[in-house]
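In case you want the letters, here they are:
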Amino acid sequence: MSTVTAPQTETKAQRAERLKREKNPWECLDEFRSYARQGFDAIPEAWIKTYLRWWGIYTQGDGAGALGGSGGEGKAVPFFMVRIRLASGFLRSHQLRAIATLAEMYARGVADITVRQNIQLHWIAAENLPEVIDTLVETGLTTMSTCGDVTRNITGCPLAGVNANELIDATPLIEEAANLLVGNPDFYNLPRKYKISISGCRDWCSYPEINDLAFTPAVKDGRIGFSLRVGGGLSTEPHMAVPLNAFVPQENVVPVLRAVSELFRESDVLRENRERARLKYLFLRHGWTAEAFLHEVENRLGFRLEPAGTEHVPADVFRDHVGVHPQKQPGLYYVGASVLRGRITPEQLRTAAHLADSYGNGELRTTITQNLVIINVPREKTGAVVDGLENAGLHVESSSFWRGAVACTGAEFCKLAITETKSFTRWLVEEMQERLPDFDQQLRINVTGCPNSCGQHRLADIGLEGKKIKSNGQIVDAYYFCLGGGVGEHAGFARPVGYRCSAEETPEAIERLLRQYLITRSPEENLRRFFARHSETELRSFLAGQEMEAVLRDPSPGRPAHELEA
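Right, let's walk through the structure included here. Source: prediction; values computed, not measured.

Helix 7 (residues 253–265) packs onto helix 6 (residues 171–181) with a crossing angle of 35° between their chain directions and a minimal axis gap of 10 Å. Helix 6 and helix 7 meet at a crossing whose hand is right-handed. Residues Leu173, Glu176, Ala177, Leu180 and Leu181 of helix 6 pack against Val253, Val254, Leu257, Arg258 and Ser261 of helix 7. Across the contact of helix 6 with helix 7, the residue classes break down as seven nonpolar, one polar and two charged.

Notably, asparagine 472 is not glycine yet its phi reads approximately 55°, a positive angle. Secondary-structure assignment places asparagine 472 in the loop between strand 17 (462–471) and strand 18 (474–483).

Aromatic ring pairs are defined here through the distance separating the ring centres and the angle between the ring planes. Per the counting criterion, the structure on display carries 17 aromatic pairs. Arranged with centres 5.3 Å apart and planes meeting at 70°, the rings of tyrosine 517 and phenylalanine 530 form a pair that is edge-to-face. With tyrosine 517 in helix 14 (residues 506–520) and phenylalanine 530 in helix 15 (residues 527–532), this residue pair connects regions lying 13 residues apart in the sequence. For the pair formed by tyrosine 517 and phenylalanine 530, the shared burial category is buried. Centroid distance phenylalanine 530 to phenylalanine 542: 6.0 Å. Interplanar angle 25°. Geometry classified as stacked. Of this pair, phenylalanine 530 sits in helix 15 while phenylalanine 542 sits in helix 16 (residues 536–544); the two residues are twelve residues apart in sequence, bridging distant segments of the chain. When sorted by exposure, phenylalanine 530 lands in the same class as phenylalanine 542, which is buried. Connected via pairs of aromatic rings, a cluster forms that spans Phe401, Phe439, Tyr517, Phe530, Phe531 and Phe542. When the ring centre of tryptophan 123 is taken as origin, the NZ or CZ atom of arginine 108, which lies over that ring, is 3.7 Å away. Across the ring face of phenylalanine 90, the terminal group of arginine 365 is positioned such that the distance to the ring centre comes to 3.6 Å.

This paragraph deals with the pattern of salt bridges. For the structure shown, the criterion picks out 38 salt bridges. Of the charged contacts in the structure, one is a salt bridge between arginine 18 and glutamate 22, with a shortest N-O distance of 3.3 Å. Here arginine 18 pairs with glutamate 22, and both are found in helix 1 (residues 12–22), just four residues apart, close to one helical turn. By relative accessible area, arginine 18 is classed as partly exposed at 27%. Take glutamate 22: its relative accessible area is 52%, and that puts it in the exposed class. A salt bridge links arginine 515 to glutamate 511, with the shortest nitrogen-to-oxygen separation between them at 2.9 Å. In this pair, arginine 515 and glutamate 511 are both assigned in helix 14, four residues apart and thus about one turn of the helix distant. The exposure class assigned to arginine 515 is partly exposed, which follows from its relative accessible area of 38%. Taking the relative accessible area as the measure of exposure, glutamate 511 reaches 15% and is therefore buried. Several salt bridges share partner residues, and in doing so they unite Glu17, Lys20, Asp149, Arg271 and Arg274 into one network.

Bringing the nonpolar core into the picture now. In this structure, Ile198, Phe215 and Phe293 are the most contacted members of the largest nonpolar core, which totals 101 residues. Ranked by the residues each element gives to this core, the list is headed by helix 7, at eight residues.

Further remarks concern the environment of valine 322. With respect to the helices, strands and loops of the structure, valine 322 is situated in the loop between helix 9 (290–301) and strand 10 (323–326). Here the alpha-carbon distance between valine 322 and proline 496, two residues 174 residues apart in the chain, equals 29 Å. Look past the residues within four positions of valine 322 in its chain and what remains in contact with it is Gly336, Ala337, Ser338, Asn371, His395, Val396 and Arg403.

Relative to the helices and strands, asparagine 211 is located in the loop between strand 6 (196–198) and strand 7 (213–220). Polar side-chain contacts of asparagine 211 include one of 3.5 Å to the backbone nitrogen of isoleucine 196. One polar contact links the side chain of asparagine 211 to the main-chain carbonyl oxygen of tyrosine 207, over a distance of 2.8 Å. What asparagine 211 contacts, discounting residues up to four positions off in sequence, is Arg116, Thr155, Lys195, Ile196, Ser197, Ser206, Val230, Gly231, Gly232 and Ala241.

As a further point, take the packing of helix 2 (residues 29–36) against helix 5 (residues 129–138). Direction vectors running N to C along helix 2 and helix 5 enclose 140°, while the axes themselves pass 9 Å from each other. What the angle tells us is that helix 2 and helix 5 run oblique. Touching Leu29, Phe32, Arg33 and Ala36 of helix 2 are Leu129, Pro130, Ile133 and Asp134, all from helix 5. Residue composition of the contact of helix 2 with helix 5, by class: six nonpolar, no polar and two charged.

Attention shifts here to the sheet that holds strand 17. Sheet strands line up and pair through hydrogen bonds in the backbone, either parallel or antiparallel. Across the sheet, five strands lie side by side as 15-16-17-18-19; this open sheet has mixed pairing. Two strands bound the open sheet, and with one partner strand each, they are strand 15 (405–407) and strand 19 (495–502). Taken pair by pair, the neighbouring strands of this sheet meet at an average axis angle of 30°, ignoring direction. Across five bridges, the pairing between strand 18 and strand 19 is antiparallel.

What counts, and at which threshold
Along each chain, numbering runs from 1 in the same order as the chain's sequence is written. Under the rules for a predicted model, residues below a pLDDT of 70 receive no local features and side-chain atom pairs below 80 are neither given nor counted, while totals for whole chains, interfaces and linings still include all residues. Only hydrogens and water are set aside; all other atoms, that is, all heavy atoms of the structure, feed into the side-chain values. To obtain an axis, a line is fitted to C-alpha atoms, over the contacting stretch when the element is a helix, and the angle between two such axes runs from 0 to 180 degrees between their N-to-C directions. The helix count covers DSSP runs of H or I at least four residues long, the strand count covers runs of E at least two residues long, and both are numbered beginning at the N terminus. By definition, any crossing whose near helix is turned counterclockwise from its far helix by less than a right angle is left-handed, and any crossing with a clockwise turn is right-handed. Any pair of residues with heavy atoms lying within 4.5 Å of one another is described as a contacting pair. Polar here means any residue other than Ala, Val, Leu, Ile, Met, Phe, Trp, Tyr, Cys and Pro, which are nonpolar, and Asp, Glu, Lys and Arg, which are charged; Gly is therefore polar. Aromatic pairing here means that ring centres of Phe, Tyr or Trp (its six-membered ring) are within 6.5 Å. Orientation follows from the plane angle: under 30 degrees is stacked, over 60 is edge-to-face, and everything else is tilted. Only protein chains enter the area calculation, which uses a 1.4 Å probe; residues under 20% of their type maximum are buried, those over 50% are exposed, and those in between are partly exposed. Throughout this description, the term charge over a ring refers to an Arg CZ or Lys NZ atom that lies within 6 Å of the ring centre and within 35 degrees of the ring normal. Whenever a carboxyl oxygen of Asp or Glu lies within 4 Å of a side-chain nitrogen of Lys or Arg, that contact is scored as a salt bridge. In this text, buried Ala, Val, Leu, Ile, Met, Phe, Trp, Tyr and Cys residues form a nonpolar core when linked through side-chain atoms within 4.5 Å. Throughout this description, a polar contact denotes any pair of N or O atoms lying within 3.5 Å of each other; where both atoms belong to protein, one of them has to be capable of donating a hydrogen while the other can accept it, and for residues adjacent in sequence the pair is counted only when both atoms sit in side chains. Angle categories are assigned with fixed cut-offs, so that under 35 degrees is roughly parallel, over 145 is roughly antiparallel, 65 to 115 is roughly perpendicular, and the rest are oblique. Strand pairing is defined by DSSP finding a minimum of two bridges between the two strands.

As structure tokens, this is what we get:
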């Protein structure tokens, strides 16, 4: 009788952990360069499917999305997406011009601003990756640490240092945090992606509520410091970040950040399952409490933190910095343009850079709502900046629909998406502007192509989650509705309301819903409150125009394999 034991097949988590132990991709860029110069087919599978993530690079889908492949993953084409790190969204005009040139030369004229203040390029051939990376480095930019199991782009108020509503300029702290975590071999191997927000403004425009670790401004005994939140995240199991009873003085922000990051890195329980490898699962699945988390952080620090100070939780309002607004510097203004669905052309990038040079000091910022801001503009020159942006199709003055729309990458490039989102979002906005031209309430419509929430649809007034349905004998794009999400003072996730329809029918459904709101709302009632006081049955009937049974939300296909995570 044989006693030979058959080899055990590795799980996704085991394979990911083995590959990470074998190589730190940050230290092996020259190795990758040698492969890339030989073309796509010369790049080893481990680099294609895993290590390139650490350099902000992954293969893009063939346009069919998840349904074009098998097992919830679509087919890839031999081209790459490249994500550019912009800490807190800071940019200079020469950097923006360099990105425009790269988009024009290598990316078929496509650039996208993301919900973490990055800029993405698509259609990059393997042979051109070294040139793209080198060009970015020469201008002071990098793709490092924008994908993979590492600290992602550290977000913050894009107006740090100029925001008239900030308590403290957090820019130096963001720089210190990035220096600690990005490129440091001590932090190249985390259980999974790790999202951090550090902001000193009262607007909370970097959405601390959904970050793994977030610092927001607070005051204690006349001292300005920070409050601390941990464990936020969206995806298929959304979880609001948990506030800890701690006041963090400015000098302790980086030590606390290191302690939390080491706690995450050393949480072996989070390395056992790729679908549950974020900090939030300590709370969702492993019984951690805010008190237990704080106790562990303080043990690592070697001292106790003071009880929390006083913080101002903002109302649920736009945090996009669109429009013309005064800075804290007398006589200077910033001008924010709404970039619909984040899609921006090389010509628009160059126009923005030119305006920043001509009327400001060459500084620009990106926002997590996929917009672009020019800062340090003298008051008498704001009109020229507005005119220049408007003429380029970057609207400073826009409808609620245009201003409030956000879209993920979608099936155009993403192997996990079920629906195409970018073109659909533009069409949807144009339809809604025509149907309800006088609608002037603040409104967020977030479109995401699958349940994984890259478009942050669970935070929106109207969140659209991509599906497929059969219509007239054909399989077509469709959207499932989630309503009433929000951040700030009464933060909560949008409710799945049991209604879905084809993409083509979506404008009509939204029109019915918003007309019902306009007709029956209470005085001063915003959309979120309107949604909150109605049952899911009622909201479904508003969308459908008649009573109807709830449609079950499609089950999530699960988290993607580790090599595919965005």
